[in-house]
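Listed below, chain by chain, are the residues.
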Amino acid sequence: MRIVLLGAPGSGKGTQAQRLVERAGIPQISTGDLLRAAVARGSELGRQAREAMEGGRLVDDALVLGMIRERLGEPDTRRGFILDGFPRNLAQAHALDRLLEALGQPLDAVVQLEVDYRELVRRISGRRTCADCGRVFNMLTSPPAAGELCPKTAAPHRLTQRPDDNEATVAERLRVYDEKTRPLIDFYRARGLLRVIDAEGHVDEVTRRLARALGAPLRAPRRTRGASTAKAAASKRASAGAARARSGGTARRKRSSPRSRSKAAAKTARVARGKSRRPGSAGRGRLKGKRR
């Protein structure tokens with residue numbers, strides 16, 4: 001399962017991606033995480049990304065695609081992946097298409113998480129990130145569970161708020177999303193990949209909607225469905241043949257039984273007629289009496 005999660009800031013992409021990781025056993029690929037990891041490793045791509053960020057420039061799309069290509073070469077992506085936060089515009093979407101085609105890993109689905117913008121403002125203001133493990137929570141919709149500990153420190157999560165997760169900056173972020181990212185909805189709809197779900201309500205209900213949106217087309221892809229249908233048809237024919245064979249054998253046995261009984265009866269009759277033609281003891285006495 002290879003999917004992209006789309007949605008405005010605060011629509012729940014990160015939360016649902018984390019749940020998909022647990023449900024499907026495939027990795028979440030976040031471009032932000034890739035950039036931080038590449039910089040921390042000191043790789044060539046990480047060095048170029050650091051230079052761009054330290055110079056106050058946006059990281060070039062080609063550089064991000066290079067990191068995605070590198071990440072998709074790791075073993076845990078063989079069963080699929082979840083792209084979260086990329087692509088963000090049409091140029092990136094076209095570039096991603098070319099990359100995945102070259103890798104032979106085309107997308108299976110793109111899911112758009114729809115949320116009313118007033119709800120988005122409320123959600124974003126409640127979003128927090130663990131400073132140690134990077135897990136995202138929302139104090140309004142998905143706070144840490146009681147007694148939950150950070151997997152990296154074995155201590156309570158150290159929750160921080162991103163500088164841009166406040167109401168003053170949300171309006172601008174939504175404007176940029178409308179201008180740059182929303183056109184991707186039509187882009188992927190035209191390719192037959194788009195699924196749209198209502199991402200408002202309880203987190204568990206949104207997860208169920210997402211599972212339904214992904215489950216139906218992915219449980220039975222066309223080639224698998226054809227193969228399973230052919231297999232079922234062959235099995236049905238084999239069962240029918242076996243049933244006919246059993247039925248035929250029984251019928252033959254039933255038809256042969258009367259003939260066997262007729263043969264036995266005919267043989268008995270012949271023996272009886274043969275005995276009647278041979279003179280018995282009473283007959284011999286009568287003949288002797290006549291000769292006397």
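Report on the accompanying structure. (Residues numbered from 1 in each chain as written. Predicted model: local features only at pLDDT ≥ 70, side-chain atom pairs only at ≥ 80, totals over all residues. Heavy atoms only, no water.)

### Section: the sheet that holds strand β6 (residues 136–138)
Reading across the sheet, the three strands line up as β6-β5-β7 and stay open at both edges, with antiparallel pairing between neighbours. Strands at the two margins of the open sheet, each flanked by one partner only, are β6 and β7 (159–160). Relative to β6, strand β5 (residues 127–130) runs antiparallel, the two being bridged by three bridges. When the sheet's bridge partners are listed, threonine 129 is paired in β6 with valine 136. (Pairing = 2+ DSSP bridges. Helix = DSSP H or I, 4+ residues; strand = E, 2+ residues; numbered from the N terminus.)

### Here's the deal with empty space enclosed by the protein
Here the structure, examined in full by the defined rule, presents two cavities of 30 Å³ or more. In terms of lining residues, the largest cavity is bounded by Gln16, Arg19, Leu20, Arg23, Thr207, Leu210 and Ala211. Where the lining of the largest cavity is concerned, the elements lending two or more residues are α1 (13–24) and α9 (203–219). No other element matches α1, which puts four residues into the lining of the largest cavity. (1 Å grid on protein atoms, 1.4 Å probe; cavity = no way out; pocket = protein on both sides within 12 Å on 5 of 7 lines; lining within 4 Å. Points joined across faces, edges and corners; volume = space filled by probe spheres on them.)

### Some details on the nonpolar core
Met67, Ile68, Leu107, Val110 and Tyr188 are the most contacted members of the largest nonpolar core, which has 33 residues in total. Residue assignment for this core shows that the elements contributing at least two residues are β1 (2–7), α2 (31–41), α3 (44–54), α4 (61–72), β3 (81–84), α5 (90–103) and α8 (183–190). Counting residues per element, this core draws most heavily on α4, at six residues. Apart from the residues within four sequence positions on either side, isoleucine 68 is in contact with Thr31, Leu34, Leu83, Phe86 and Leu99. Judged by nonpolar contacts, the second largest core, of 23 residues, contains Leu5, Ala24, Ile82 and Ala199. (Core = buried A, V, L, I, M, F, W, Y, C linked by side-chain atoms within 4.5 Å. Buried < 20%, exposed > 50% of the residue type's maximum accessible area, 1.4 Å probe, protein only. Contact = heavy atoms within 4.5 Å.)

### Considering the packing of α5 against α8
Two elements in contact, α5 and α8, have axes separated by 10 Å at closest approach and are oriented at 30°. When the interaxial angle is binned, α5 and α8 end up roughly parallel. Taken together, the residues of α8 that come into contact with α5 (itself represented by Leu90, Ala93, His94, Leu96 and Asp97) are Pro183, Leu184, Phe187 and Tyr188. When the residues that make up the contact of α5 with α8 are grouped by side-chain class, the tally is seven nonpolar, one polar and one charged. (Axes fitted to C-alpha atoms, helices over the stretch in contact; angles between N-to-C directions. Parallel < 35°, antiparallel > 145°, perpendicular 65-115°, else oblique. Nonpolar A, V, L, I, M, F, W, Y, C, P; charged D, E, K, R; others polar.)

### Describing the packing of α4 against α5
Between two packed helices, both the angle of their axes relative to each other and the distance between the axes serve to describe the pair. Packing of α4 against α5 brings their axes to within 11 Å, and their N-to-C directions diverge by 30°. With respect to α5, the element α4 is oriented roughly parallel. In terms of crossing hand, the pair formed by α4 and α5 is right-handed. Residue-level contacts link Asp61, Leu65, Ile68, Arg69 and Leu72 of α4 to Gln92, Ala95, Leu96, Leu99, Leu100 and Leu103 of α5. (Left-handed = near helix turned anticlockwise from the far one by under 90°.)

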